[in-house]
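Survey of secondary and tertiary structure
Here's the letter readout for the chains.
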Amino acid sequence: MADSPDVQRHLPLHPEAFRILLVLLAGDAHGYAIVKELERDPGRPGRVLPANLYRRIRTLLGHGLIGESSQRADPRVDDQRRRYFTVTDLGREVARAEARRLEALVDGARDLLVP
Amino acid sequence: MKTHDHARRARLYRLMLRLLPPEAREEFGTEMLQLFLDRCREAEEAGGMTRLWFEAGWDVVRHGTAERLERAGGHMRDLWRGMTMGGWIQDVRFAARGLRRRPGFSSAAVVTLALGIGASVSIFSVVNGVLLTPLPYPEPESLVTFWSVNEERGTRSRGMAHPEVADWRALSSTFEHVAGYARARMTLTGFGLPEVVAGGRTTGDLLAVFGLNPTLGRDLTPEDDVSDGARVVVLGQGLWTERFGGDPGAVGRTVTLDGASWEVVGVAPEGFDFPGGAGYWVPFYNDPEECGRGCRIMSGIARLAGGADLERARRQVGVVSARLAEEYPDSHRYRATELERLADVVVADVETALWLLLGAVSMVLLVACANVANLLLARAVDRSAEVSLRATLGASVIRLARQLLTESFLMALLAGVAGAVLAWWGTALLMRLAPPTLLGNADIAMDESVLVFAALVVAGVTALFGLVPALYLARRAPADSLNGSRGSRGGRHTGLLRSALLSGEVALSLVLMLGAGLLFRTIGQMEAVDLGFSVSGVERFRLSLPESRYGEGPVVARFFATLEDRLTALPEVEHAGVTFGAPLESGTIGTDIVLLDRDPVPPPDRPSVAVRAVSPGYLDAAGLTLLQGRWFTEDDRRSGEPVAVIGWAAAARFYGDEDPVGKQIRLSVSWGFDEEPTRTVVGVVGDIRGRRITEDDGPAAYLPNAQFGVDVGIVTLKLRAGVATALPAARSVLATLDPNLAITNPETMEQVVSREMAATRFYMTLLAVFSGMALVLATVGLYGVVAYGVGRRTREIGIRIALGARSDDVTALMVRQGVAPALAGLCLGLLGAWMGARAMATLLYGVRPHDPATSVVATGLLFGVVMAATLLPARRAARIPPSSALRVD
């Protein structure tokens, strides 16, 4: 299935942006939670720092792939003042298209590399 | 304590966040700070707080720069969008009119830039000719040279023994062709006056190695290079056209070299003169019995076989040299062979210096750009009211900025043209001043790559000095400029920018001054070196006796003894002497020495000495110092007791506190006589700087000419006081002894020493010129900034004075405006010089790259100039009468 031009425009995604989308697909989260989730990836070098994270978030927001969420977690377990982010429909489509793109890439590589 | 830490961290991180664009800060500043504090908490528990600060700093710098660049990219897109031909022409016309309207300003900017561009392009044309132009042979990257590495002593030389050529030829999958070569000098006769001509000796296949074919006849082959081979010669184009008029029938005819007849078998192609200006090539005729594997008298060169890369070739050569070390331990133990590309070897000595010069000249260009940017910025501020008016009348700010950029570009283009003319002249000047060691055979011309470089410089220069004011204007909202032309926020903003530019100028000037200072001190150190021989009033020339007529050693020795007697008898000459292996001249023999009063050592472990064959008169002629024992006399004949004199370093290293006089030694070199005999040390002389002024010579041994016999001699003459030269007299003496001999390389020792220092002097002169240019530009810039500040604050100064401020206070206030950025620049410059000093180390002698004295003097000097440049306008500010100051708008 061909992706719409709206989706195509955002491909390929920066790997860090793609991971942020994946984290948010699992549920709305604030910055610190996203960071913790990203750092669970064992292949990731070093820690995620503020300027890096919010540069990606600003880009994703600007492109309409994520939005701010009004939903808040239970005030007893989390800080009410933090800003939460959520994936938009477009973001979901783009993430799906990126996954397909990477899959095709890996398939191609496998054909060439695996004896 | 905890809260205190928390607040301090938050404050510091907020400060760091200022590196991000304001929008990013406004939108997510709080969140970023929150996240950072979260991470601090983690680090407090797990440790690694310092590391977190470093990482966070890098994170902000990296992403802040990236975001700003993305934004600037957006500006640039706006700038070019909607660009039509008509609009472009209109911009150019406006810009030209603008430049004409302010001839003083325009010509100052154009001249400044033209100087910077001219100097850069000149240096680049040398770099281009020497470093970037490939060698003029087919597939030059396949040409490799051999190095013989002595792993025990950690030394490396180009020496290769004759049998090794066959070893490497056997690696046919690695090397397509291999040749050994050495320089030759033979006297050509039969064409008028005798002339000594430089040539090459080869093991054959030399042209094939370079991928060339002879113009006529054939190349020398390995079959020619046998000890009893026929005398055959390949002529270079020069000899062929000069001596045979380019006659195709030259092949098969003969030429007389060193008194013998040689058959011409081929003519090399145009432009081929390897090694080092060779005009003909003859075989080695090596006798393996006489000169075997330990006799490394040639250099090796090879062409890699098609498809063989250097790394693979290195590995294979490594395997073979390990095998050779096992098979021939006497000559190959501790020896490894390495390969290096010919292109790298050719430029190795000058590469660092040339890149440094290019770096230095780029700094001058940067200073020039900063200066012009400063001028333009001042004008942009002054013009902001006009620009705002036009903006309110409907011109887009972007469009206005583009026009400013066009003006800058036009200026850079004019400067580029003027700079190209300057560069044409500068390159010619450089070629005249540069020492021959720097230029080599390089073909230096303003070719297309130089022109492309010049165009790139113009574009870069426009971007550097034009973008700053253009972006400044583009960022300003029109209303901002209309309400208040002085002391507005914009003024303060550009003040900061101008100060930053100024700091940069001062920093670059300091770096250049430090470089020039270090080289200046190096020259002082070189001049102060005790060379161990006399320089003033000493003259020398080279004489080689053709083997065909002088043959055996004793005949040669007798000839030189007679010559010495006749020369000493001349009224112009105080002392005359002959040596093989004169100081600062190629031609010393290095050999192993056996100390017979010590326990025997196997050959590879023996110490080595530099050997010089000398005559009895040489001690006084050259001005050596006899420290112990005696020098050679007429009685040290061939038939007498074999003797030697050793140098101070040799005496100290080999015998320590013992008296070396009377000790027995044997050298492994033999030259002219059948076997090197056991010699008795009869004296010790002071060491000399034989190879280079800056290099300790190590142990040396002197042998009497009569007992050694080399057919080449450097005749050294100590002139009587007041005599300028004895060459004409020496020539006529020589003519009476043998009219077929030619004197070569006549030179005074002063010339020799100054030749040795020529490269350093040249680099210093250039750096001094560059730092002078930078200093003048920076001073003018500084003066401009302070004078501009005074002009802008005249009213404020008037009020201050009217309210009772003393004139010293006003001066101090104004001086601070220039001194603060200058001090920042000095610190920055010291830091930069500190970090870059290592690059200069190879050019220095006797002075460390971080020499504190040079740093102090250069910094002090620059600071003095800075103070003078700021004091002048500041004093003027202090003398402003309040009445007139208050009248100013």
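It should be noted that the structure appears before, not after, this text.
To start, this report covers the structure provided alongside it. (Residues numbered from 1 in each chain as written. Chains lettered and ligands numbered in written order. Predicted model: local features only at pLDDT ≥ 70, side-chain atom pairs only at ≥ 80, totals over all residues.)

Before going further, it helps to examine the overall build of chain B. Across its full length, chain B holds 27 helices and 22 strands. Within chain B, buried positions represent 40% of all 889 residues. Here the analysis covers contacts within chain B between residues at least 6 apart in sequence; of these, 82% occur between residues at least 24 apart. (Helix = DSSP H or I, 4+ residues; strand = E, 2+ residues; numbered from the N terminus. Buried ≥ 20, exposed ≤ 12 C-beta atoms within 10 Å, placed from the backbone. Contact = placed C-beta atoms within 7 Å.)

Now for the overall build of chain A. Each helix and strand in chain A was counted, giving five helices and three strands. For chain A, the sequential pattern of α-helices and β-strands runs α-α-β-α-α-β-β-α. Burial statistics for chain A: of 115 residues in total, 30% are counted as buried. Considering only contacts within chain A whose residues lie at least 6 apart along the sequence, 63% involve residues at least 24 apart.

This paragraph deals with helix α21 (residues 648-655) of chain B. Those residues of α21 of chain B that fall on the buried side of the exposure criterion are A650, A651 and F654 of chain B. Taken end-on, α21 of chain B shows its buried residues confined to a sector of 100°, consistent with a single buried face. (Arc of directions from axis to C-beta.)

Another aspect to go through is the interface of chain A and chain B. Across the boundary between the two partners, chain A contributes 13 residues, which contact 16 residues of chain B. Among the secondary structure elements, those contributing two or more residues to the side of chain A that touches chain B are α3 (31-38) and α4 (50-62) of chain A. Here the side of chain A that touches chain B takes seven residues from α4 of chain A, the largest share from any one element. The residue makeup of the side of chain A that touches chain B, split by class, is seven nonpolar, two polar and four charged. (Nonpolar A, V, L, I, M, F, W, Y, C, P; charged D, E, K, R; others polar.)

Bringing the environment of L826 of chain B into the picture now. Residues and elements named next belong to chain B. Within the secondary structure, L826 is located in helix α25 (residues 807-840). The buried category is assigned to L826, around which 22 C-beta atoms lie within 10 Å. Sequence-distant contacts of L826, that is, excluding residues within four places in its chain, are made with V506, L510, T859, L862 and F863.

Before going further, it helps to examine the nonpolar core. All names here are of chain B. Grouped together as the largest cluster of nonpolar side chains are 106 residues, with contacts concentrated most on L113 and A774. Counting residues per element, this core draws most heavily on helix α11 (residues 342-382), which supplies 21 residues. Setting aside its immediate chain neighbours within four residues, L113 contacts A368, V372, M411, A412, A415 and V461. (Core = buried A, V, L, I, M, F, W, Y, C linked by C-beta atoms within 7 Å.)

Moving on, we come to the pairing of strand β7 (residues 254-257) of chain B. All names here are of chain B. Here β7 shows one buried face, formed by V255 and L257, and one open face, formed by T254 and T256. In terms of strand pairing, strand β3 (residues 175-189) meets β7 through two bridges, oriented antiparallel. Looking at β7, one finds that T189 is bridged to T256. Bridge count between β7 and strand β8 (residues 260-267): four bridges; the pairing is antiparallel. Along β8, the bridge assignment pairs T254 with E263. Taking the residues that link successive antiparallel strands as the turn, the β7-β8 hairpin has two residues, and the phi of D258 there is positive, at about 50°. (Pairing = 2+ DSSP bridges.)

Below, the discussion takes up the packing of helix α2 (residues 15-25) of chain A against helix α5 (residues 89-113) of chain A. All names here are of chain A. Their axes nearest at 10 Å, the elements α2 and α5 cross at an angle of 120°. By the angle between their directions, the pair α2 and α5 is classed as oblique. Read as a crossing pair, α2 and α5 show a hand that is left-handed. Seen from α2, the contacting residues are F18, L21, L22 and L25; seen from α5, they are G91, R92, A95 and E98. Its residues assigned to classes, the contact of α2 with α5 comprises five nonpolar, one polar and two charged. (Axes fitted to C-alpha atoms, helices over the stretch in contact; angles between N-to-C directions. Parallel < 35°, antiparallel > 145°, perpendicular 65-115°, else oblique. Left-handed = near helix turned anticlockwise from the far one by under 90°.)

A word on unusual backbone geometry. Following L11 of chain A, the chain continues into P12 of chain A via a peptide bond in cis, with omega recorded as -10°. Note that P12 of chain A resides in the loop between α1 (5-8) and α2. The omega torsion across F274 of chain B and P275 of chain B is -5°, close enough to zero to call that bond cis. Structurally, P275 of chain B is set in the loop between β8 and β9 (280-283). For E139 of chain B, which is not glycine, the phi dihedral falls at a positive 40°. Locating E139 of chain B in the fold gives a position in the loop between α5 (103-132) and β1 (143-150). When the 14 C-beta atoms within 10 Å are taken as the criterion, E139 of chain B is described as partly exposed. A positive phi angle is found at N745 of chain B, which is not glycine, with a value near 50°.

It is worth spelling out α4 of chain A at this point. The end-to-end C-alpha separation of α4 of chain A is 18 Å, in line with the 18 Å expected for 13 residues at 1.5 Å each. Taken together, the buried positions of α4 of chain A are occupied by P50, A51, N52, L53, Y54, R55, R56, I57 and L60 of chain A. (Expected span 1.5 Å × (residues − 1).)

Our next topic: the environment of A877 of chain B. Residues and elements named next belong to chain B. With respect to the helices, strands and loops of the structure, A877 is situated in helix α26 (residues 852-878). For A877, a count of 26 C-beta atoms within 10 Å puts it in the buried group. The sequence separation of A877 and T794 amounts to 83 residues, and the corresponding C-alpha distance is 7.4 Å. Leaving out residues up to four positions away in the same chain, A877 has contacts with V790, I797, V810 and M814.

A few words on the pairing of β1 of chain B. Residues and elements named next belong to chain B. Where β1 and strand β10 (residues 299-304) come together, three bridges link them in antiparallel fashion. What sits directly across from L143, in β10, is R303. Pairing of β1 with strand β2 (residues 155-157) involves three bridges; the strand directions are antiparallel. Within the sheet, the bridge partner assigned to V149 lies in β2 and is R156.

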